[in-house]
Amino acid sequence: MKLRITLVAMLAAFLCGCDEPGETFRLKMEHVTVDTARESSGDRPYFNTISFRSQFNTTGSTQVDLRSREPNDWVSKNFYNHGTLPNGHMFAGDSLPIPWWMGEHEWSDVKVIPLLDILSDRTPEVAGAIVVSLDNNNTPPHVIRDILTDFTNIMRTVMVTQIEQGMWISSITDPLTFFQTLLDAITSEVAALDLFGYLFQLTVGSTFNPDQPTGIEIFIMPGVEGLPEPISAEVPVPGLPGGEVTVKLTILPVRDAMHATNYQGSGANYAVNMSLDHDEDEDADLPITSLNLSLKTGDDGLREGSTVSADIQFCDGGSLVTQTFSNINGGNTLEDWGDHTFNLPLFGIAVKDVHQITLNWVPDSDFFGNDNWDVEAIKLAYNRLDIQGTYFIHHGRPEVRFTNDLRRWSYRFGGGACSS
């Protein structure tokens, strides 16, 4: 399949100009606007993402993860549309913020090397994401997850065989060739899939009103500083039940920037604006006013009577201090697939001084036994007047499952050094 390549300054991206490992990169899909609705009754856009990273010539370095979170019909929920969509669907011109658990992703400790060092250091990393846009109808969420899990496994195979084994190292400085070899590898693997079975699930399993793909964008981020301008490609994929779908591929050089894109397919056109950045020191000394702890529950919610507390560890006057925020949920239920953000007041502490968070969980017990709780995504952000920033975003399947035997979860995201 030939690429229709267009060199455009679409995007600056996400890998820093540094010569040491340890950079953290974040993708944030901020808003979706329906330019063209697929259906006369309106659309319900949602996004699934396959996140990946792999290191050249480094066995075991590949990580590939499908982020497929419910509810797929989030557009219809008042919690997300704020009562602005009377029939729970989006029409041309309608715009909504994309939920954080659907649109925000992080890669930490990414190794980036200068382009001139590639002859001596043959172990740069490649990170990226495949963002799949769909219009929600009647397809059960597990069917979409099952189909995308097969494509996740394809991406894992490609990363292991082509990146871990160093096969593409010579083409990393030639983005055009890199694109073509990636596309050829994926196309070869897709040929082995049960496409008839997918079609059956998407029609019969959806009462003949399936969710339809409305575009795909693949972001590739080679960990090499000094690559040329961004390169974008579009591949039209015809013959799908809802009509042609556009697959976009974008190589991102070492920069931060905003990115505006369109997901097109099955007759729909959704505009999405994104920010892509990495941790920098420009806000490090600013004092914060509070933290926001966001928790995305999976398919096993938190029972009423169970409590969650958060310990925040930070430097204060040269000493390591822990402040506890007790029972942040007030003993209330956190429902299956629920989304909750808790404000944690923390005054007079600089951005750089916050180093660790610990969640402590006390389960409710009744005749049926102890409660369990799945957390699929966790985010910690800071606030300072009109400035907002992020300490970390973690996704998992689940990220942590709290049980009677596991009641505590910690993550250290700061350097840990504490000096006056």
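In every chain, residue numbers begin from 1 and rise along the written sequence. The model is predicted, so local features are restricted to residues of pLDDT at least 70 and side-chain atom pairs to those at 80 or more, both for listing and for counting; the totals for chains, interfaces and linings are taken over all residues. Note: side-chain values were computed over all heavy atoms of the structure, leaving out hydrogens and water.

A. Region of the structure containing the overall build of the protein chain. Within the protein chain one finds five helices and 24 strands. For each residue, the accessible area found with a 1.4 Å probe, counting protein chains only, is set against the maximum for its type, and the residue is called buried under 20%, exposed over 50%, and partly exposed in between. Per-residue burial over the protein chain gives 54% buried out of 420 residues. Sequence-distant contacts, at least 24 apart, represent 78% of the contacts inside the protein chain between residues at least 6 apart. Accessible surface area values rest on a Shrake-Rupley calculation with a 1.4 Å probe, where residue burial reflects the displayed protein chains alone. For the protein chain, the exposed surface amounts to about 17700 Å²; the carbon and sulfur share of it is 51%. The helix and strand labels rest on DSSP assignments: H or I over at least four residues marks a helix, E over at least two residues marks a strand, and numbering proceeds from the N terminus. The criterion used for residue contact is that any of the two residues' heavy atoms lie within 4.5 Å.

B. Focus on the confidence of the model for the protein chain. Summing up the model confidence of the protein chain, the mean pLDDT is 84 and the portion of residues at 70 or higher is 85%. Model confidence for the protein chain, summarised as mean pLDDT per element, is weakest for strand β1 (residues 4–6) at 35 and strongest for strand β5 (residues 95–97) at 98. Per-residue confidence from the prediction method is given by pLDDT, with values spanning 0 to 100. Across residues 1–19, where pLDDT falls below 50, the model places 77 contacts with residues more than four positions away in sequence or in other chains.

C. Molecular detail of the pattern of salt bridges. Salt bridge criterion: a side-chain nitrogen from Lys or Arg within 4 Å of a carboxyl oxygen from Asp or Glu. Within the structure shown, the criterion is met by 14 salt bridges. As a salt-bridge pair, D121 and K111 come within 3.1 Å of each other at their nearest N and O atoms. Of the two residues, D121 sits in the loop between β7 (113–114) and β8 (125–135) while K111 sits in the loop between β6 (104–110) and β7, which places them 10 residues apart along the sequence. Take K111: its relative accessible area is 18%, and that puts it in the buried class.

D. Structural context of the pairing of strand β23 (residues 387–402). For two strands to be treated as a pair, DSSP must find no fewer than two bridges joining them. As defined by bridge partners, strand β22 (residues 373–384) adjoins β23 across 11 bridges and the pair is classed as antiparallel. What sits directly across from N383, in β23, is Q388. Here β22 folds back onto β23 in antiparallel fashion, the turn holding two residues, of which L385 has a positive phi close to 50 degrees.

E. View of empty space enclosed by the protein. Grid points spaced at 1 Å over the protein atoms alone were grouped into cavities, where a 1.4 Å probe fits but cannot get out, and pockets, open sets with protein on both sides within 12 Å along at least five of seven lines, with lining residues defined by an atom within 4 Å of a point. Grid points are joined across faces, edges and corners, and a volume is the space filled by probe spheres set on the points. For the coordinates displayed, the defined rule picks out one cavity of 30 Å³ or more. Lining the largest cavity, in full, are F47, N48, T49, R67, S68, R69, W101, M102 and H105. Those elements that place two or more of their residues in the lining of the largest cavity are β3 (45–55) and α2 (100–103). With three residues, the single largest contributor to the lining of the largest cavity is β3. Of the residues contributing to the lining of the largest cavity, the split by class is three nonpolar, four polar and two charged. Three classes are used: nonpolar for Ala, Val, Leu, Ile, Met, Phe, Trp, Tyr, Cys and Pro, charged for Asp, Glu, Lys and Arg, and polar for all others, with Gly counted as polar.

F. Unusual backbone geometry, seen in detail. In this model, E70 is joined to P71 through a cis peptide bond whose omega is 5 degrees. Here P71 is to be found in the loop between β4 (63–67) and α1 (78–81). A cis amide bond, omega -5 degrees, links R397 with the succeeding residue P398. The phi dihedral of S266 is positive, around 55 degrees, even though this residue is not glycine. Along the chain, S266 falls in the loop between β13 (257–265) and β14 (268–278). A residue is classified by how much of its surface remains accessible, and S266, at 5% relative accessible area, is buried. The residue W337 is not glycine, and still its phi comes out positive at about 60 degrees. Structurally, W337 can be placed in the loop between β17 (319–325) and β18 (339–350).

G. Up close: the sheet that holds β17. As summarised here, the arrangement of the four strands in space is β17-β16-β19-β24, forming an open sheet in which the pairing is antiparallel. Each of the sheet's edge strands pairs with one partner strand only, and the pair in question is β17 and β24 (408–412). When strand polarity is set aside, the average angle formed by the axes of neighbouring strands in this sheet is 15 degrees. Relative to β24, strand β19 (residues 354–362) runs antiparallel, the two being bridged by five bridges. Across the sheet, I357 pairs through a bridge with Y411, a residue of β24. Angles shown run from 0 to 180 degrees and are taken between the N-to-C directions of axes, each axis being a line fitted to C-alpha atoms and, for helices, limited to the stretch in contact.

H. A look at the side chain of N269. Mapping N269 onto the fold places it in strand β14. Ignoring anything within four residues of it in the chain, the contact list for N269 reads T33, V34, D35, T36, N262, Y263 and Q264.

I. Just the packing of aromatic side chains, in detail. Whether two aromatic rings pair depends on their centres lying within 6.5 Å, for rings of Phe, Tyr and Trp, where Trp uses its six-membered ring; planes under 30 degrees apart make the pair stacked, over 60 edge-to-face, and the rest tilted. Overall, the coordinates contain 13 aromatic pairs when judged by the stated rule. Seen in terms of ring centroids, Y382 and Y391 are 5.2 Å apart; in terms of plane orientation they differ by 55 degrees. Their pairing is tilted. Each of the two residues, Y382 as well as Y391, counts as buried. Put simply, the rings of Y382, Y391, F392, W409, Y411 and F413 touch in pairs and so form one group of aromatic residues. For a Lys NZ or an Arg CZ to count as sitting over a ring, it must be within 6 Å of the ring centre and within 35 degrees of the ring normal. Here the guanidinium or amino end of K296 rests over the ring plane of W101, the centre of that ring lying 4.0 Å away.

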